[in-house]
Amino acid sequence: MHEEPIDPFNGDPADPAAGLHDPGDDAELDPLTDVERQDVLEDLADLEIYQALLAPIGVRGLVIECEDCREPHYFDWDLLRGNLRHLLSSGRPRVHEPAYDPDPDHYVTWDYARGYADGVHDTLTEGTDEGAGSAG
Ligand SMILES: [Zn+2]
């Protein structure tokens, strides 16, 4: 008597255990797209500039209008940088961690910071090279 036991599922693609995934499980970390990643990197670079320009005049960070809470959140420079780096590495934003009991006078919006940086840039480039084709 030579009877080999046969595994009924041996090599069977219909094995009920194969490819089973539980939708209730933790969602896979969703890596940022190249575009999103680039955006975050640019924000980080801008942040360096804004902090360098604004920190000396007493600005402690940026205020961001939160779409979830419908209220402004105040972020220190370090906090902002940490959040952006976290976003880069994990693909998802951090939970809200605004500065504690901030003084709104010490925080500006991205737009303000951008405008300020542009103004400084214009001042620095103004008059340095008069002959180089003024745009008017
Ligand atoms: Zn919020």
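Under an unreviewed UniProt entry, the protein has the name DUF5319 domain-containing protein and belongs to Micromonospora mirobrigensis.

A. View of the overall build of the protein. Scanning the protein from N- to C-terminus turns up three helices and three strands. Reading the protein from its N end, one meets helices and strands in the order α-β-β-α-β-α. Relative to its full complement of 136 residues, the protein shows a buried share of 22%. A separation threshold of at least 6 residues defines the contact pool for the protein, and within that pool the share at least 24 residues apart is 62%. Looking at the protein as shown, the accessible area adds up to about 10600 Å², and 51% of this sits on carbon and sulfur atoms.

B. Inspection of the packing of helix α1 (residues 34–54) against helix α2 (residues 77–90) at higher detail. Following both chains from N to C, one finds α1 and α2 inclined at 165 degrees, their axes separated by 10 Å at the closest point. By the angle between their directions, the pair α1 and α2 is classed as roughly antiparallel. The handedness of the crossing between α1 and α2 is left-handed. Of the residues in α2, those touching α1 at Arg-37, Val-40, Leu-41, Asp-43, Leu-44, Leu-47, Glu-48, Tyr-50, Gln-51 and Leu-54 are Trp-77, Asp-78, Leu-80, Arg-81, Leu-84, Arg-85, Leu-87 and Leu-88.

C. Seen up close, the environment of Leu-47. Note on placement: Leu-47 falls in helix α1. Separated by 66 residues in sequence, Leu-47 and Ala-113 place their C-alpha atoms 8.9 Å apart. When sequence neighbours within four positions are dropped, the list of residues in contact with Leu-47 reads Leu-62, Trp-77, Leu-80, Arg-81, Leu-84 and Trp-110.

D. Representation of the nonpolar core within the structure. Counting 19 residues, the largest nonpolar core has Leu-47, Tyr-50, Leu-54, Leu-62 and Trp-77 as its most contacted members. Residue assignment for this core shows that the elements contributing at least two residues are α1, α2 and α3 (110–125). Sort the elements by how many residues they give to this core and α2 lands first, with six residues. If we ignore the near neighbours within four places in the chain, the residues touching Leu-62 are Leu-47, His-73, Tyr-74, Phe-75, Trp-77, Leu-80, Tyr-107, Val-108, Thr-109, Trp-110 and Ala-113.

E. A look at unusual backbone geometry. The backbone of Arg-70 shows a phi angle near 60 degrees, a positive value even though the residue is not glycine. Tracing the chain through its elements places Arg-70 in the loop between β1 (61–65) and β2 (72–76).

Cut-off values and rules
- Residues numbered from 1 in each chain as written.
- Predicted model: local features only at pLDDT ≥ 70, side-chain atom pairs only at ≥ 80, totals over all residues.
- Heavy atoms only, no water.
- Helix = DSSP H or I, 4+ residues; strand = E, 2+ residues; numbered from the N terminus.
- Buried < 20%, exposed > 50% of the residue type's maximum accessible area, 1.4 Å probe, protein only.
- Contact = heavy atoms within 4.5 Å.
- Areas by Shrake-Rupley, 256 points an atom, 1.4 Å probe, with all protein chains shown as cover.
- Axes fitted to C-alpha atoms, helices over the stretch in contact; angles between N-to-C directions.
- Parallel < 35°, antiparallel > 145°, perpendicular 65-115°, else oblique.
- Left-handed = near helix turned anticlockwise from the far one by under 90°.
- Core = buried A, V, L, I, M, F, W, Y, C linked by side-chain atoms within 4.5 Å.

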